[in-house]
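# Topology and contacts: notes
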Amino acid sequence: MITTRDVRVTYPDGAGGRVHAVDGVDLDVSRGEVTALLGPNGAGKTTLIDVVLGLTAPEQGSVEVLGTAPAHAVRDGRISALLQTGGLLPDLTAVETVRMIAALHRNPADVDEVIDIAGVRPFASRKVGKCSGGQQQRLRFALALLPRPEVLILDEPTAGMDVSARHEFWDRMRAQADAGATVLFATHYLEEAEQFARRTVLLDRGRVLADGATDEVRSRAGAAHLQVTWLPSPAELAALQEAVPDVREVEQRGSRLALRTDAPDAAAVHLLTRTAAHDLTIRPASLEEAFQMLTADDGASAATDRTDETAETADDAEELLR
Ligand SMILES: Nc1ncnc2c1ncn2[C@@H]1O[C@H](COP(=O)(O)OP(=O)(O)OP(=O)(O)O)[C@@H](O)[C@H]1O
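Just so you know, these numbers come straight off a predicted model, no measurement behind them. Each chain carries its own residue numbering, running from 1 in the written order of its sequence. Local features are withheld for residues below a pLDDT of 70 in this predicted model, meaning they are given only at 70 or higher, and side-chain atom pairs are given and counted only at 80 or more; totals for whole chains, interfaces and linings count all residues. Side-chain calculation: all heavy atoms of the structure are included, whereas hydrogens and water are not.

## As for the packing of helix H5 (residues 133-145) against helix H6 (residues 163-178)
A packed helix pair is summarised by two numbers, namely the angle formed by the two axes and the spacing between the axes. The following threshold applies: Only the stretch in contact is used when fitting a helix axis, every axis being a line fitted to C-alpha atoms; angles between N-to-C directions are given from 0 to 180 degrees. Note on conventions: DSSP H or I runs of at least 4 residues are helices, E runs of at least 2 residues are strands, and numbering of each starts at the N terminus. Working rule for angles: under 35 degrees goes down as roughly parallel, over 145 as roughly antiparallel, 65 to 115 as roughly perpendicular, anything else as oblique. When checking whether two residues touch, look at their non-hydrogen atoms; a contact exists if any pair is within 4.5 Å. Classes in brief: Ala, Val, Leu, Ile, Met, Phe, Trp, Tyr, Cys and Pro nonpolar; Asp, Glu, Lys and Arg charged; the others, Gly included, polar.
The interhelical angle for the contact between H5 and H6, taken along N-to-C directions, is 10°, at an axis separation of 12 Å. The orientation of H5 with respect to H6, classified from their angle, is roughly parallel. Mapping the contact onto sequence places Arg138, Phe141 and Leu145 in H5 and Glu168, Phe169, Arg172, Met173 and Gln176 in H6. Partitioned by chemical class, the residues of the contact of H5 with H6 number four nonpolar, one polar and three charged.

Printed below as a string of structure tokens:
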């Protein structure tokens, strides 16, 4: 339904070089899928979305939407977008805006229905210039639904919304997805990917670091957190690390020993059968932790002249956790 192959887009970096905004991305989105494009600021999410919408032509690679060029799919109203910014006229009311844009479409959805689906009704008669950022996003959502699109593209759709507005927005969007819409959304809110998308494509510096079921993306980072009640001697700890070399970040917290490992089963077997450890708990890495680990791994494997960028990525990941 959406296919990109080796898509590359660069921009001048202002210092005579080029920024690789999208750096060889292969993406396949199937009908009915809800996919999160997850990444820190500058990862290339907006650029990739612009390519999928035909707003930016890739310098290299190919992109197809619904079996045709993006511009055709957009023109036919088969793909529609809710972008970070989008010109709204401040002096029109919300309902006037929806009616006006509906008049531009060949076969628009019912205006009242769209207003209800997008949650615009409570402020339908308010001037757009007086609407909050979250209300304007809901209005943009209503406009995006007007052409009855098969694919909805959302770029950071809940930016500027408070937590309850964000939840309400995603409830409405989930209803669209349940009704069969294909949704591709960019976010740097990890919890949004985790709660809403079954599939997550993790982007960093224009490249896909991970692509799969959101749960798999998390587990690709591998590590799990184990805790046991145990006060090991240095020799016992060394024996554990010899038996399970993947054990790392060992920390004694009172009577509890906390550790992180890529091999939680092996660690659990060793702890429970070879030591006095008891009351074992295992928690998988959160998506935040997976994200941090995957972007850190990527940085570590990059060429040495990218050390500064790697540091920036680590900062970004930290920012995401705040
Ligand atoms: N018009 C442009 N001119 C120059 N550089 C650009 C331009 N647009 C994007 N970039 C650069 O390309 C990279 C990718 O930017 P992009 O906006 O696609 O990332 P993003 O993941 O959407 O980030 P954000 O979450 O901040 O919107 C960044 O380094 C950005 O500075």
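## Quick word on the nonpolar core
Grouped burial of nonpolar side chains is what soluble globular proteins tend to show. The condition is simple: Grouping buried Ala, Val, Leu, Ile, Met, Phe, Trp, Tyr and Cys residues that are joined through side-chain atoms within 4.5 Å yields what is termed a nonpolar core. Here the term buried applies to any residue with accessible area under 20% of the maximum for its type, exposed to any over 50%, and partly exposed to those in between, with areas from a 1.4 Å probe on protein chains only.
Among the nonpolar cores identified, the biggest contains 47 residues, and Val98, Phe141, Met173, Val183 and Phe185 are the most heavily contacted of them. One finds Val65, Ile153, Leu184 and Ala186 within the second-largest nonpolar core, a separate group that totals 26 residues.

## Quick look at the pattern of salt bridges
As a reminder of what qualifies: Here a salt bridge means any side-chain nitrogen of Lys or Arg lying within 4 Å of a carboxyl oxygen belonging to Asp or Glu.
Overall, the coordinates contain 19 salt bridges when judged by the stated rule. A salt bridge links arginine 8 to aspartate 6, with the nearest nitrogen and oxygen atoms 2.9 Å apart. Among the residues examined, aspartate 6 registers a relative accessible area of 28% and is labelled partly exposed. Measuring nitrogen to oxygen at the nearest pair gives 3.3 Å for the salt bridge that ties arginine 75 to aspartate 76. Under the relative-accessibility criterion, aspartate 76 is labelled partly exposed at 38%. By sharing partners, the salt bridges in this structure join Asp6, Arg8 and Asp23 into a single network.

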